[in-house]
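# Summary of structural features
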Amino acid sequence: DPFGPKTQAGLYGIYADSQSGLTIRNLGVAGAYEGITWVNVDQSTIAGDSFGANGNNGIYLLNGADTNTINGNTASNNTGYGIYLLTNCQYNTLSNNMTNSNSASGIYLNDNSDRNTISNNVSSSNSSSGIFMQSNTTYNTFCGNTANSNAAYGIFMAASSNSTIMLNNVFNSNTIAGIRITNSNFCSVRMNDVSGSDTGIWLTGDANSNTISKNNL
């Protein structure tokens, strides 16, 4: 644990800025404000690590952190998000991570964090949504994820057009809806299991030209 209370902003377990080629593997961080923060870090790897019980986010990428691999980590029981990509974080791969029981959403993509691949993650029992993206976060692909028993949605897309949710995602038993799409156009939602929620797939606002097919409701 870093020295200081986990409520202290700027208390990082691991911090890097404007680097490339980093590998963080098989470490555990608890009790920091941010478990790991990468600012404009590219072509790097976070793998097999644990980031839990932190005062804000578990894994936090921001300001153009591109082409990174986030694989096989646990980012659970954090006060903020399990994994958070903020502002122009693109071409990242998030796979095989556990982001459960966070006080916000399990995985959050925000503010032009485009063209990321999110696959085979488990993001359940979070206090908001399993997966949440908003603010012109586009061209992202989601496949093989499980996001069950979240307090709001399995996956919530807001102002996130041209994204694909397909192939064996499971969004079951979420309180409001399995999938919510609002103000997002030209998205494809295919071959997902969205049973057991109050609403299976919910389109609201300006949600036009979306393709919804072969989902289990």
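Here goes a summary of the coordinates provided. (Residues numbered from 1 in each chain as written. Predicted model: local features only at pLDDT ≥ 70, side-chain atom pairs only at ≥ 80, totals over all residues. Heavy atoms only, no water.)

### Digging into the pairing of strand E7 (residues 59-62)
Applied cut-off: Burial status follows relative accessibility: with a 1.4 Å probe on protein chains alone, a residue under 20% of its type maximum counts as buried, one over 50% as exposed, and anything between as partly exposed. Every helix listed is a DSSP run of H or I at least four residues long, and every strand listed is a run of E at least two residues long, numbered separately from the N terminus. Here a strand pair is declared whenever DSSP counts at least two bridges between the two strands.
What you see with E7 is no split at all: Ile59 and Leu61 on one side and Tyr60 and Leu62 on the other are buried throughout. Alignment of strand E4 (residues 34-39) against E7, held across four bridges, turns out to be parallel. Paired with Thr37 across the strands is Tyr60, a residue of E7.

### Some words on the environment of Ile70
Quick note on the threshold: Only heavy atoms matter for contacts: two residues are in contact if any of them lie within 4.5 Å across the pair.
Mapped onto the elements of the fold, Ile70 is located in strand E8 (residues 69-71). Sequence separation between Ile70 and Ala159 is 89 residues, and the spatial gap between their C-alpha atoms is 24 Å. Those residues in contact with Ile70, other than ones at most four positions away along the chain, are Ile46, Ile59, Leu61, Ile83, Thr93, Leu94, Ser95 and Asn97.

### Considerations on the packing of aromatic side chains
Defined as follows: Geometry of aromatic contacts follows a simple scheme: Phe, Tyr and Trp rings, the Trp one being its six-membered ring, pair when their centres are within 6.5 Å, and the pair is stacked under 30 degrees between planes, edge-to-face over 60, tilted otherwise.
Taken as a whole, this structure holds nine aromatic pairs when the rule is applied. Each ring, one from Tyr81 and one from Tyr108, has its centre 4.5 Å from the other, and the planes form 35°; the classification is tilted. In this pair, Tyr81 sits in the loop between E8 and strand E9 (83-86) while Tyr108 sits in strand E11 (residues 107-110), placing the two residues 27 residues apart along the sequence. Comparing Tyr81 with Tyr108, the two get one shared label, buried. Taken together, a centroid distance of 4.9 Å and an interplanar angle of 45° make the contact between Tyr153 and Phe156 tilted. Given the relative accessible area of 7%, Tyr153 is considered buried. Residue class for Phe156 comes out buried when judged on its relative accessible area of 13%.

### So, the pairing of E11
Every second residue of E11 is oriented toward a common face, with Ile107 and Leu109 on one face and Tyr108 and Asn110 on the other, all of them buried. Taken together, the four bridges between E9 and E11 define a ladder with parallel strand orientation. For Tyr84, the partnering residue across the bridge sits in E11 and is Tyr108. Inspection of the sheet shows E11 paired to strand E13 (residues 131-134) by four bridges, in the parallel sense. Across the sheet, residue Leu109 finds its bridge partner in E13, namely Met133.

### A short note on the state of the cysteines
As a reminder, the rule being used: Any pair of cysteine sulfurs within 2.5 Å is marked as a disulfide.
Taken as a whole and assessed by the stated rule, the structure comprises zero disulfides. Note on Cys187: no disulfide assigned, nearest cysteine sulfur contributed by Cys143 at a separation of 15 Å. With relative accessibility at 2%, the residue Cys187 sits in the buried group.

### Quick notes on the side chain of Asn140
Filter applied, for reference: For the purposes of these results, a polar contact is taken to be a pair of N or O atoms within 3.5 Å, where, inside protein, one atom must be able to donate a hydrogen and its partner to accept one; residues adjacent in sequence count only when each atom of the pair is a side-chain atom.
Position of Asn140 relative to the elements: it lies in the loop between E13 and strand E14 (141-143). Within polar-contact distance, the side chain of Asn140 engages the backbone nitrogen of Arg115 at 3.3 Å. Within the structure, the side chain of Asn140 is placed 2.7 Å from the backbone nitrogen of Asn116, a separation counted as a polar contact. Aside from chain neighbours lying at most four places away, what touches Asn140 is Leu109, Ser113, Asp114, Arg115, Asn116, Met133, Asn162, Ser163 and Thr164.

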